[in-house]
Amino acid sequence: MSPLPILLLNGPNLNMLGKRQPEVYGSETLADVVSACRSAAQAAGRALEDFQSNSEGDMIDRIHAARGNVSGIIINPGGWTHTSVALRDALVIPEVPIVEVHISNVHAREAFRHHSFVSPVATGVIAGLGTFGYRAAIDYLVKHH
């Protein structure tokens, strides 16, 4: 029996990667990121499911559906990181390891970005490594979960 897939979640505005503030977020598109993550997961013998939404309710519904169906979650919550108690509460429902990923170093940016509602329920946090942070998260979940 093969292990359950890893779920890659991306929050609001991440569908605009490659277009939105490339000096902060780089030139890779979300499709590029997902493709690289899928390749990294497959090379390690794991499947990857992905989901992006600008709708908080849709994201919470996807997290609920993950319960019992994924081995771990990688999430870049985007702006919800700093605002959403509902997202934080949903992330405990699947009862799997969670890696929070941020492309930029949120701690070197505006003060409002320094607080995360997600971090206290995450297994680990990766910030400031660009899109490589997603692949580092896959590597961690593959090796440790």
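The shown structure was predicted, so the numbers you read here are calculated from the model rather than taken from an experiment.

Peer 1: Any chance you could explain the overall build of the protein here in plain terms?
Peer 2: Check the secondary structure of the protein and you find five helices and five strands. Written out in order from the N terminus, the α and β elements of the protein read β-α-α-β-α-β-α-β-β-α. Taken over the C-alpha trace, the protein has a radius of gyration of 14 Å; the compact-globule value for 145 residues is 15 Å, and the two agree within 12%. For the C-alpha atoms alone, the extent of the protein along its principal axes is close to 45 × 30 × 25 Å. Within the span of the protein, comprising 145 residues, buried residues form 44% of the whole. Side-chain charges in the protein split into 11 positive and 13 negative, and the spacing between the mean points of these groups amounts to 3 Å.

Peer 1: Sorry, what's going on with the sheet that holds strand β3 (residues 72-76) here?
Peer 2: By way of backbone hydrogen bonds, the strands of a sheet pair with one another, either parallel or antiparallel. Taken together, five strands build an open sheet; the order of strands is β2-β1-β3-β4-β5 and the sheet is parallel. The sheet is open, and its two borders are formed by β2 (48-52) and β5 (124-127), each paired with just one other strand. Across the sheet, the mean angle from the axis of one strand to that of its neighbour is 15 degrees, orientation sign disregarded. The sheet contact formed by strand β4 (residues 98-102) and β5 spans four bridges and is parallel. The partner of His-102 across the bridge, within β5, is Ala-127. Along the sheet face, helix α5 (residues 132-144) touches β1 (6-10), β2, β3, β4 and β5 and points at about 165 degrees away from the line of β3.

Parameters and conventions
- Residues numbered from 1 in each chain as written.
- Predicted model: local features only at pLDDT ≥ 70, side-chain atom pairs only at ≥ 80, totals over all residues.
- Heavy atoms only, no water.
- Helix = DSSP H or I, 4+ residues; strand = E, 2+ residues; numbered from the N terminus.
- Rg over C-alpha atoms; globule rule 2.2 N^0.38 Å.
- Buried < 20%, exposed > 50% of the residue type's maximum accessible area, 1.4 Å probe, protein only.
- Lys, Arg positive; Asp, Glu negative; His and termini not counted.
- Charge placed at Lys NZ, Arg CZ, Asp CG, Glu CD.
- Pairing = 2+ DSSP bridges.
- Axes fitted to C-alpha atoms, helices over the stretch in contact; angles between N-to-C directions.
- Contact = heavy atoms within 4.5 Å.

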